[in-house]
Amino acid sequence: MDEHLLTATGIEVTYGKRPGLFGGKPATPVLHGVDIRIGRGQTVGIVGESGSGKTTLGRALLRLVDVSAGSIAFDGKNITHIPEAEIRPLRRRMQMIFQDPMASLNPRHTIRRILTGPLLLHELASDTASALERVKTVLDRVSLPAACLDRYPHELSGGQRQRIGIARAVLMQPDFVLADEIVSGLDVSTQAQALKLLKGLSRELGLAMAFISHDLSVIRAICDYVYVLRLGRIVEEGPCEQVFGNPAAAYTRALLDAIPLPEYDPGWLERKSEA
Amino acid sequence: MTENLLTVANLSAVSDREDGVPVLRDVDLTLRPGEVRGLVGESGAGKSTIAKAILGILPRTVRITGGRIDFKGRDLLVMKPRDLRNIMGSEIALIPQDPQTALNPARRIGFQLADGLRLKRGMSAKIAEARALQLLADVQIRDPDRIMKSYPHQLSGGMRQRVLIAAAFAVDPQLVVADEPTTALDVTVQKEILRLIRRMQEAHGTGVLFVTHDLGIVAQICDSVTLLYAGKVIEEGPVRDVLETPQHNYTKALIAAGPRYDRPDAGLEPVPEAVFRELRQEIGID
Ligand SMILES: Nc1ncnc2c1ncn2[C@@H]1O[C@H](COP(=O)(O)OP(=O)(O)O)[C@@H](O)[C@H]1O
Ligand SMILES: Nc1ncnc2c1ncn2[C@@H]1O[C@H](COP(=O)(O)OP(=O)(O)O)[C@@H](O)[C@H]1O
Ligand SMILES: [Mg+2]
Ligand SMILES: [Mg+2]
């Protein structure tokens, strides 16, 4: 038996392919046979420059975009081509946290409704009172005051909304969470708060996580294992200590060498990477 | 001692959009000719407001309530509009954050560069065009002839930023204000742009005020740094001193809060609430 929670093999995704229509030339794939494995409770980083295919890969893992080749197994079950009706029960177990939580939170609903609604819908709570109890516990865990419950999303700060997004995902008691660029654009301190929270939660709850970011430093802070994506291909993968301590691919080295560290290093600017 | 190119003294401003809330509180900041100063702080700290005040492009809802901005000994805040127009875009230039909106989408790059030179330097069309071509070569654009004929949307983000750097240095300004010019770029492109700004600045002896939220960028291209919080200068000094021996607890905590690819345990400690309390008390916000 595969001990991994999520296994994707040979993933290929091609956008906008309309077979036969106008006999147009087939679009080129944006992912070319990507293999990824995510163990239970493991946080896996997916890093690459913009356009490398990170978001596409994440969406493919959740079956939010169709693959043109390859297969995806979740908890031992091949989900590559199962119909939507069969995916639906899995959706609760595979949650997503968004970069801009504002876009994913209904602006007309209070936080109370946003958080308790799904619990009742998925029958994770038997009644409103017990749903509210669960919500309060999780709010406390993400360091938000219960007073937030009566607020609307726009009344919260960006960092608070981000934590609502995390709380909402965690409330579903998922096995797997996809986080796509969720800390980009946050201030350093708010970012550290979100990373610390996510890292703590994934440990406590045994969550498996795919953490997508263009920022290798952020990946280092939170991930156990990392895949480096370039133009739709994995160019390097491995445990973080290995990839960051001793990168094998010239591309990985080039990415690392381009990150400015907050320390005196007079040669940095003119130092060129061989890649 | 060399005279300062720029001296911002006791600059204060309020937001009329937010009931007169202070946006800048007694800000002091200096820049010597040829110096690169980083202006850092979290979003909303007032970095862009300072940049805009210097450039004379503050929104109407931000009101200066005191202080001065001396450029080569003359206060920009009380200068006649005609004198200001002569200085802006010629002695003081901007490298904007978003190269997409800074360029006219309907005009070829060559036209936009040459146009600026005609207006600001009084060059003839022919000379301006030759100079524009040279400028593109100066910012290490490999195929300047093709880029001259291109429209902005045909260029990558990094290429557009190179064009804007060329435009900023085209007029040989003494002061360049760069407001987060690399935030939209991939790291490898960012490094090229940082290197380019530093090289151009050194070649022209330009003073640069570099707005960023990234202490790493400050460390790698700035000589000095001013750290803001809620419109107040919290710490200031040579980059190496501030990074290696920060004086304020906030500076220390901010450096520690940033993730680092070379340290697995970095990036997981937010600035402690006690430090924010200390800051607010010091600044006098409740
Ligand atoms: N919905 C879409 N339709 C067509 N092309 C797309 C779509 N989404 C992404 N792409 C293209 O796929 C490639 C990978 O994009 P994406 O997965 O968003 O990369 P990343 O998240 O790494 O920036 C890019 O070239 C992008 O233009
Ligand atoms: N157009 C505006 N009108 C009124 N106040 C503004 C405007 N833009 C920004 N502000 C105020 O100025 C403060 C500082 O903003 P800004 O200088 O843009 O910060 P930074 O560039 O450091 O992120 C903001 O917190 C906001 O309160
Ligand atoms: Mg993406
Ligand atoms: Mg700004």
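The preceding data block contains the structure.
Owing to the predicted nature of the structure, the values given are computational and were not obtained by experimental measurement.

*Asks:* Explain the side chain of A:T116 to me, using residue names and the numbers behind them.
*Replies:* Residues and elements named next belong to chain A. Along the polypeptide, T116 turns up in helix α4 (residues 111-121). On the accessibility criterion, T116 (8% relative accessible area) is buried. When sequence neighbours within four positions are dropped, the list of residues in contact with T116 reads A131, L132 and V135.

*Asks:* Tell me about the site of ligand 1, and please be specific about residues and values.
*Replies:* Residue and element names in this part refer to chain A. For ligand 1, the full set of nearby residues is Y15, V30, E49, S50, G51, S52, G53, K54, T55 and T56. One of the backbone N or O atoms of G53 is found 3.0 Å from an oxygen atom in ligand 1. A distance of 2.5 Å is found between an oxygen atom of ligand 1 and a side-chain nitrogen or oxygen belonging to T56. Contact with the protein chains removes 53% of the 560 Å² of surface that ligand 1 exposes when unbound. Taken together, the residues of the shell around ligand 1 break down into two nonpolar, six polar and two charged.

*Asks:* So what's going on with the sheet that holds strand β3 (residues 43-47) of chain A? Residues and values would help.
*Replies:* Residues and elements named next belong to chain A. Ordered by their spatial adjacency, six strands build an open sheet running β6-β7-β8-β3-β9-β10, and the pairing between neighbours is mixed. Each of the sheet's edge strands pairs with one partner strand only, and the pair in question is β6 (94-97) and β10 (233-239). Direction aside, the axes of adjacent strands within the sheet are offset by 15° on average. Sheet topology note: the strand β9 (residues 225-230)/β10 ladder contains six bridges and is antiparallel. Along β10, the bridge assignment pairs Y225 with P239. Across the face of the sheet, helix α7 (residues 188-205) comes into contact with β3, β6 and β8 (208-213) while running at roughly 155° to β8. Packing against the sheet, helix α10 (residues 250-257) makes contact with β9 and β10, and its axis sits at approximately 100° to β9.

*Asks:* So, helix α1 (residues 47-55) of chain B: which residues are in play, and what are the values?
*Replies:* All names here are of chain B. Of all nine residues that make up α1, seven are buried, and the element is covered over most of its length. Among all positions in α1, only K47, T49, I50, A51, A53, I54 and L55 are buried. Of the residues flanking the end of α1, it is G56, one or two places downstream, whose phi is positive at about 70°.

*Asks:* Pulling in residues and values, what's your account of the interface of chain B and chain A?
*Replies:* At the junction of the two partners, chain B supplies 37 residues and chain A supplies 34 residues. Of the roughly 3,400 Å² buried between chain B and chain A, counting both surfaces, carbon and sulfur atoms make up 59%. The largest per-residue losses of area from chain B upon contact with chain A belong to B:K191, B:Q220 and B:Y261, which jointly make up 25% of the total buried on that side. Run the count over chain B and chain A and you get three salt bridges. For B:R260, the salt bridge goes to A:E263, with nearest N and O atoms at 2.8 Å. Linking chain B to chain A there are 16 residue pairs in polar contact (both at pLDDT 80 or more). Where the side of chain B that touches chain A is concerned, the elements lending two or more residues are α8 (187-204), α9 (215-221), α10 (239-244) and α11 (249-257) of chain B. Residue contributions to the side of chain B that touches chain A peak at eight residues, all from α8(B). Looking at the side of chain B that touches chain A residue by residue, the class counts come to 17 nonpolar, seven polar and 13 charged.

*Asks:* Please provide a residue-by-residue account of the site of ligand 2, values included.
*Replies:* Residue and element names in this part refer to chain B. Neighbouring residues of ligand 2: 15 residues in total, closest E18, G44, K47, T49 and T61. Contact between ligand 2 and E18: an oxygen atom at 2.7 Å from a side-chain N or O atom of the residue. Residue A45 places a main-chain N or O atom 3.2 Å away from an oxygen atom belonging to ligand 2. A total of 560 Å² of accessible area belongs to ligand 2 in isolation, and the protein chains cover 78% of it. Looking at the shell around ligand 2, its residues break down into four nonpolar, seven polar and four charged.

Cut-offs applied
- Residues numbered from 1 in each chain as written.
- Chains lettered and ligands numbered in written order.
- Predicted model: local features only at pLDDT ≥ 70, side-chain atom pairs only at ≥ 80, totals over all residues.
- Heavy atoms only, no water.
- Helix = DSSP H or I, 4+ residues; strand = E, 2+ residues; numbered from the N terminus.
- Buried < 20%, exposed > 50% of the residue type's maximum accessible area, 1.4 Å probe, protein only.
- Contact = heavy atoms within 4.5 Å.
- Near = heavy atom within 4 Å.
- Polar contact = N/O pair within 3.5 Å; in protein donor to acceptor, adjacent residues only side chain to side chain.
- Areas by Shrake-Rupley, 256 points an atom, 1.4 Å probe, with all protein chains shown as cover.
- Nonpolar A, V, L, I, M, F, W, Y, C, P; charged D, E, K, R; others polar.
- Pairing = 2+ DSSP bridges.
- Axes fitted to C-alpha atoms, helices over the stretch in contact; angles between N-to-C directions.
- Buried area = accessible area lost by both parts, 1.4 Å probe.
- Salt bridge = Lys/Arg side-chain N within 4 Å of Asp/Glu carboxyl O.

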